[in-house]
Amino acid sequence: FLVASLLTRLWLSKRQVNHIQAHQDQVPEAFAEKISLEEHQKAASYSITKLRFGRVTLGWETLWLLLWTLGGGLNLVDNWWQGYDLSPLWTGIAFILSMSLLMGLLDLPFSLYSSFVIEQKFGFNKMTLKLWFIDLIKTTVLMLVIGTPLIAAILWLMNQAGPYWWLYAWSLWTAFSLLMIWAYPAFIAPLFNKFSALEDESLKQRIDNLLQRCGFQSKGVFVVDGSKRSAHGNAYFTGFGSNKRIVFYDTLLESLSEDEVEAVLAHELGHFKRN
């Protein structure tokens, strides 16, 4: 099944590359007046490069999946921690955290290549190596601070809660997920980016009108300094209950008209409106 999955995904990627290559020399008729041939070809080249890089990443991940499982890697790490004679709970916590860190280390070269080679080549990367490492450190610390108690609680339930441990563990995971949806925009995201209120009154009024038509209650419309990491534009809404907020990347606001910004937000609101 693993081989079948790998070959199917590689085949689909190859089909996509072939399709892009077959149509990269002519702008689609519907966009002919909006996009130049040079821009169209740059987009095609970017997509092809990303797809080919994705094949390499897929092969790497599949190799390590085999090494961790059939190759005995998981057992090797587990036996190493067993040698420290820790309690079963702390052995489990150490095993899961060390595996997460090991897998993260194995993915680092691909993350670096994606940001500082591919994104750099096409003019999208705005991140410095210093910022990349700071993000990495923050993410790792958050994983340890938030993940350790959660892992401990679930492992404790597995050992102590009897035959219905899975129900209690699922309930805990669901509650944690809902808590993160609420807490992420207010407490975690600001650790990585600066969020400021949208100041363009004309655009803000259009957004408010759209939100009222959709029945979306927002705690605010914010602009995030996405430009310090990437030239890509984006918009999203996040949060839970009364803590929902709408976020625009500063790069998106700089590159689109008010009509276009409203259209992008309408797309995002479509997910909310249509469930």
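Data block above holds the structure.
One structure accompanies this document, and this report is about it. Predicted, not measured: the structure shown is a model, and the values here were computed from it.

The next subject is the overall build of the protein chain. Regarding its fold elements, the protein chain presents 9 helices and 4 strands. For the protein chain, the succession of helices and strands along the chain, N to C, is α-α-α-α-α-α-β-α-β-β-β-α-α. Along the first, second and third principal axes, the C-alpha atoms of the protein chain reach 70 × 45 × 40 Å. Taking all 275 residues of the protein chain together, 31% fall into the buried category. Considering only intrachain contacts with a sequence separation of at least 6, the fraction spanning at least 24 residues in the protein chain is 67%. Here the protein chain displays about 17700 Å² of accessible surface, and carbon together with sulfur accounts for 64% of that area. Treating the 23 positive side-chain charges of the protein chain as one cloud and the 23 negative ones as another, the clouds have centres 4 Å apart.

With 32 residues, helix α2 (residues 37–68) ought to run about 46 Å at 1.5 Å a step, and its terminal C-alpha atoms sit 46 Å apart, in line with that. For α2, the complete set of buried residues consists of H40, A44, Y46, I48, F53, T57, L58, T62 and W68. Of the surrounding elements, those touching the buried residues of α2 are α1 (2–23), α3 (73–82) and α4 (88–121).

The next thing to look at is α3. Along α3, the positions that sit buried rather than exposed are G73, V77 and W81. The buried residues of α3 all sit within an arc of 75° when viewed along its axis, so they share a single face.

Here helix α5 (residues 129–160) crosses helix α6 (residues 165–188) at 165°, and the two axes come no closer than 9 Å. Looking at the two axes, α5 sits roughly antiparallel to α6. Here α5 and α6 pass one another in a crossing that is right-handed. Taken together, the residues of α6 that come into contact with α5 (itself represented by L142, I146, L150, A153, I154, L157 and M158) are W165, Y168, A169, L172, W173, F176, M180 and I188. Broken down by class, the residue content of the contact of α5 with α6 amounts to 15 nonpolar, no polar and no charged.

Attention shifts here to unusual backbone geometry. The backbone of D85 shows a phi angle near 55°, a positive value even though the residue is not glycine. Here the phi dihedral of N275 falls at roughly 55°; this positive angle occurs in a residue that is not glycine. On the secondary structure map, N275 appears in the segment after α9 (258–273).

Rules used throughout
Residues numbered from 1 in each chain as written. Predicted model: local features only at pLDDT ≥ 70, side-chain atom pairs only at ≥ 80, totals over all residues. Heavy atoms only, no water. Helix = DSSP H or I, 4+ residues; strand = E, 2+ residues; numbered from the N terminus. Buried < 20%, exposed > 50% of the residue type's maximum accessible area, 1.4 Å probe, protein only. Contact = heavy atoms within 4.5 Å. Areas by Shrake-Rupley, 256 points an atom, 1.4 Å probe, with all protein chains shown as cover. Lys, Arg positive; Asp, Glu negative; His and termini not counted. Charge placed at Lys NZ, Arg CZ, Asp CG, Glu CD. Expected span 1.5 Å × (residues − 1). Arc of directions from axis to C-beta. Axes fitted to C-alpha atoms, helices over the stretch in contact; angles between N-to-C directions. Parallel < 35°, antiparallel > 145°, perpendicular 65-115°, else oblique. Left-handed = near helix turned anticlockwise from the far one by under 90°. Nonpolar A, V, L, I, M, F, W, Y, C, P; charged D, E, K, R; others polar.

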